[in-house]
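# A closer look at the structure
Below are the chains, spelled out letter by letter.
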2 protein chains.
Amino acid sequence: MKLYKGSHKHLVAVDCIIFAYDIAEKEIKLLLIKRSIEPAKGKWSVAGGFVQDDESLDAAASRVLKRLTGLDHMHLSQSSTYGSLNRDPGARVISVSYSALIKIQDLSPDAAGLYHAHWRSILKLPELIFDHGTMVADALENLREQIKRKPVGFELLPEKFTLVQLQDLYEALYQRPVDKRNFRKKILAMNILEKLDEKEKETSRKGAWYYRFIRERYQVLTRNGFYFNLDVN
Amino acid sequence: MKLYKGSHKHLVAVDCIIFAYDIAEKEIKLLLIKRSIEPAKGKWSVAGGFVQDDESLDAAASRVLKRLTGLDHMHLSQSSTYGSLNRDPGARVISVSYSALIKIQDLSPDAAGLYHAHWRSILKLPELIFDHGTMVADALENLREQIKRKPVGFELLPEKFTLVQLQDLYEALYQRPVDKRNFRKKILAMNILEKLDEKEKETSRKGAWYYRFIRERYQVLTRNGFYFNLDVN
DNA sequence: TTTTTTAAGTGTATAAAATACATTTAAAAG
DNA sequence: CTTTTAAATGTATTTTATACACTTAAAAAA
């Protein structure tokens, strides 16, 4: 069956904006790739790839991400689609952007070597090719909204994390200080964290208690009309 | 210049979910088209078209919308992109969905005749082709969120409208009653409406005052940190 | 002309949520 | 045992959200 004859076909790419959080440096980072093909070879870009004939958009994004992280499953969501005529000087390419949230250690051995992948703070991004700067800005804006209403911050932290680390993450994303007592009051009131009986002792003498996000409890609450809300003051 | 050789090309479509509000019937309506080509000829769908070689995605959506409404400018925003392998049985098509908000009277003469376009209440939608049902559900969900935080409700109403009409619109979208006094208190407190000295007299003896949305004032306020918020209780 | 009918318009008291803010505690180092 | 450092904690105040019922305007009917 060969329908829709006469309609133009297009190159379609997926571009993945990969976010992680660096606990030590208290910075949100983005995985950037040194581009290996023309045009713009050697310039910085986000990770991308063309959508193949036999794969869905989501599958294409997963493939690109697996190449860099080795991970099969991760927090991945479609953001926006970019289709201006001359966004890529090499050819007319329509690009679907995806946001991925991962733990900073999750990089494949190939990532640094083969793909020249590097983590860069969102505060000090180099110039990016094409409209990747816009994609990143859009994705970041989206993440800032998402993290208020969905428990996505935990995707960027290890399984065990302290409330200090969680707050630092929010502060890094919003670039403004957050009231410690109010922040803890809000997140603990949601009743979706479990306090472990273990302390993080690297960064202070006293040590800070570890917590864990209980996804199952969150899901049960959600089914009963609960809404995650961590509006930062 | 012929780069990216060997990568597959795809048919790319735009599909427009066109919303309007029927004041008399107090119903949110969707513009549906009787499909004129195979596959699924004669079935209901949203308005769509293939993206041409020389037009951006936004331009393609605008073209589709102009065909039906004759309008050059309207509230139009990209929603989501759909790319499963078999979403269209006719061929592999990747589809970018757009939401449009228009006034119900804005239909081109061709719309009804040539395209068999019909307004249908979102409460009584027929079965739609392919994944158009999902597209509509996603767009509707998006609209419900948008209308809380952005002054998009006014796009669905005439220039002059009453507070009763505005509230009815919110109630139609949420399918639940809204407290009249609290609703009016909130919207008027924003100071973005101007009370006209004219009454709407069709629907009641007493008549309801007409108001007008002052976009300029909204924009000024927005620049000064104001956020539209009409969370319905 | 008075009365009835109908939908528009209005205010206040209470509850809940957001915010501002400073001291105490635990633990290691000196 | 004193000092140092970051973690942990509670309350009062302000702001926002909510619940709730009567009055008013105007035409239609008596």
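Residues numbered from 1 in each chain as written. Chains lettered and ligands numbered in written order. Predicted model: local features only at pLDDT ≥ 70, side-chain atom pairs only at ≥ 80, totals over all residues. Heavy atoms only, no water.

## Considerations on the protein's contact with DNA strand D
Close to DNA strand D lie 22 residues, the nearest being Arg 184, Lys 185, Lys 206 and Trp 209 of chain A together with Lys 185 of chain B. Restricting the count to atoms of DNA strand D within 4 Å of the protein gives a sugar and phosphate share of 43%. Take Asn 182 of chain B: an N or O atom from its side chain is 3.1 Å from a base nitrogen of DNA strand D. A distance of 3.0 Å separates a base oxygen of DNA strand D from a polar side-chain atom of Lys 206 of chain B. For the surface near DNA strand D, the secondary structure elements donating two or more residues are α5 (180–189) and β10 (208–213) of chain A together with α5 (180–189) of chain B. Looking at side-chain class alone, the surface near DNA strand D contains three nonpolar, five polar and 14 charged residues. (Near = heavy atom within 4 Å. Polar contact = N/O pair within 3.5 Å; in protein donor to acceptor, adjacent residues only side chain to side chain. Helix = DSSP H or I, 4+ residues; strand = E, 2+ residues; numbered from the N terminus. Nonpolar A, V, L, I, M, F, W, Y, C, P; charged D, E, K, R; others polar.)

## Some remarks on the packing of aromatic side chains
All chains considered together, the criterion is met by 13 aromatic pairs over all chains. Ring plane angle 65 degrees and centroid distance 5.5 Å describe the contact between Tyr 170 of chain A and Phe 183 of chain A, whose orientation is recorded as edge-to-face. You can see Tyr 170 of chain A sitting in helix α4 (residues 163–174) and its partner Phe 183 of chain A sitting in helix α5, a full 13 residues away along the chain. Comparing Tyr 170 of chain A with Phe 183 of chain A shows no difference in burial state: the two are buried. Geometrically, the ring pair formed by Tyr 218 of chain A and Phe 226 of chain A is edge-to-face, given 6.3 Å between the ring centres and 85 degrees between the ring planes. An aromatic cluster is defined as three or more aromatic residues linked by ring pairs; in this entry it consists of Phe 154, Phe 161, Phe 213, Tyr 218 and Phe 226 of chain A. The ring of Trp 44 of chain B has Arg 120 of chain B lying over it, and the distance from NZ or CZ to the ring centre is 5.6 Å. (Phe/Tyr/Trp six-rings, centres within 6.5 Å; stacked < 30°, edge-to-face > 60°. Buried < 20%, exposed > 50% of the residue type's maximum accessible area, 1.4 Å probe, protein only. Lys NZ or Arg CZ within 6 Å of the ring centre and 35° of its normal.)

## Considerations on the relation of the copies chain A and chain B
Laying chain A over chain B is done by rotating through 180 degrees and shifting 0.0 Å along the axis; what remains is an RMSD of 0.0 Å. Viewed as a symmetry operation, the transformation between the two copies matches a two-fold axis. A shared binding surface is used by both copies, with 100% of the interface residues of chain A retained as interface residues in chain B. (Least-squares fit on C-alpha atoms with pLDDT ≥ 70 in both. Contact = heavy atoms within 4.5 Å.)

## Overview of the domain arrangement of chain A
Residues and elements named next belong to chain A. Domains assigned within chain A are domain 1 (11–148) and domain 2 (157–223). Averaged C-alpha coordinates put domain 1 and domain 2 at centres separated by 27 Å. The interface of domain 1 with domain 2 comprises 12 residues on the first partner and 10 residues on the second. Roughly 1,200 Å² of surface becomes buried between domain 1 and domain 2 when both sides are summed, with 69% attributable to carbon and sulfur atoms. (Domains from an automatic or database assignment. Buried area = accessible area lost by both parts, 1.4 Å probe.)

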